[in-house]
Amino acid sequence: MTLRAIDVLGAERSAVTAVASDEEIRRRAAEVLGRDEYRLDRAIDPEAIGIWLRILEWVLQPIAWLFDALSGLPDAIRWLIVVVLMVTLVLLVAHLAWSFVAAIRGVPLRRRANDGVKDPQVTPEQFEQVAGDAAAAGDYITAARVLFQASLLRIERAEAKKLRRGITNRELLRRYRGSPLAEPLGRLIDTIEAKWYGYETCYASDYERCHHDYAQIISLIRGAKSDAVGT
């Protein structure tokens, strides 16, 4: 066999291989495109459409009711009222969701603080550590609440008696109304009630003020002890 014949034979084999490869590629492509997820002519499930239509109807029904209830007003004003109310509703739901997430994030620290209250051997220094950890994590309202617990513990130890279980913040303020403790305690309570129960955002500056009030409570307690020793 001449060299030319060998070259021709090799070229023919390459051509056959290329053809076979092309046919294999087309066959595999046809298999892939034949799958259900690539069938554009596939019928849409009527049940799925019905579910989405019911959800859409459920969402639009109160909007339509509100729009009809405002009949008599110009359409522009009616739509403005509807849009404002819907935006307010969305913001309210977002705020509730954010508050829920924030509460979940603060659960471990709050649990540590509550567990400390039940432990008769807990110290104010341990509360201070928990508060510091919460502040470092950006959970300033938990840090403020733990400092308030530390304040109550220091007062209990200074008076050598326990505060009544379940005593309210207002009762605490009435109890120490004539005491120098009333002012820093009152500021702590006001911050907690506004930021925790009032769902206001507690910033680092709020925690710093609470920390200052806590330091003032410690100073007043130590000063009272010094006066008692001096007498």
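In this text, all values refer to a predicted model and were calculated from it rather than measured experimentally. Throughout this description, residue numbers start from 1 for each chain and increase along the sequence as written. pLDDT decides what is reported in this predicted model: residues at 70 or higher carry local features, side-chain atom pairs at 80 or more are listed and counted, and totals for whole chains, interfaces and linings draw on all residues regardless. No hydrogens and no water enter the side-chain calculation; it runs on all heavy atoms of the structure.

(A) Spatial organisation of the overall build of the protein chain. For the purposes of this entry, the term helix denotes a DSSP run of H or I that reaches at least four residues, the term strand denotes a run of E that reaches at least two, and both are numbered from the N terminus. Secondary structure assignment for the protein chain yields eight helices and zero strands. Each helix (α) and strand (β) of the protein chain, taken in turn from the N terminus, gives the series α-α-α-α-α-α-α-α. Any pair of residues with heavy atoms lying within 4.5 Å of one another is described as a contacting pair. For the protein chain, the proportion of contacts with a sequence separation of at least 24, taken over those separated by at least 6, is 56%. Computed with the Shrake-Rupley method and a 1.4 Å probe, the accessible areas treat only the protein chains shown as cover for residues. Here the protein chain displays about 16700 Å² of accessible surface, and carbon together with sulfur accounts for 61% of that area.

(B) Looking closely at the nonpolar core. Ranked by size, the top nonpolar core spans 16 residues in total, and within it Phe148, Ile155, Leu172, Tyr176, Leu181, Leu185 and Ile217 carry the most contacts. Counting only elements with at least two residues in this core, the list comes to α5 (140-159), α6 (169-175), α7 (182-197) and α8 (204-230). Of all hydrophobic cores here, the second largest spans 14 residues; its members include Val130, Ala134, Ala143 and Leu147. As used here, the term nonpolar core means buried Ala, Val, Leu, Ile, Met, Phe, Trp, Tyr and Cys residues forming a set that is joined through side-chain atoms within 4.5 Å. Burial status follows relative accessibility: with a 1.4 Å probe on protein chains alone, a residue under 20% of its type maximum counts as buried, one over 50% as exposed, and anything between as partly exposed.

(C) The arrangement of α7 in detail. Within α7 the residues assigned to the buried category are Ala182, Pro184, Leu185, Gly186, Leu188, Ile189, Thr191, Ile192 and Lys195. The first or second residue beyond α7 is tyrosine 199, which carries a positive phi of 60°.

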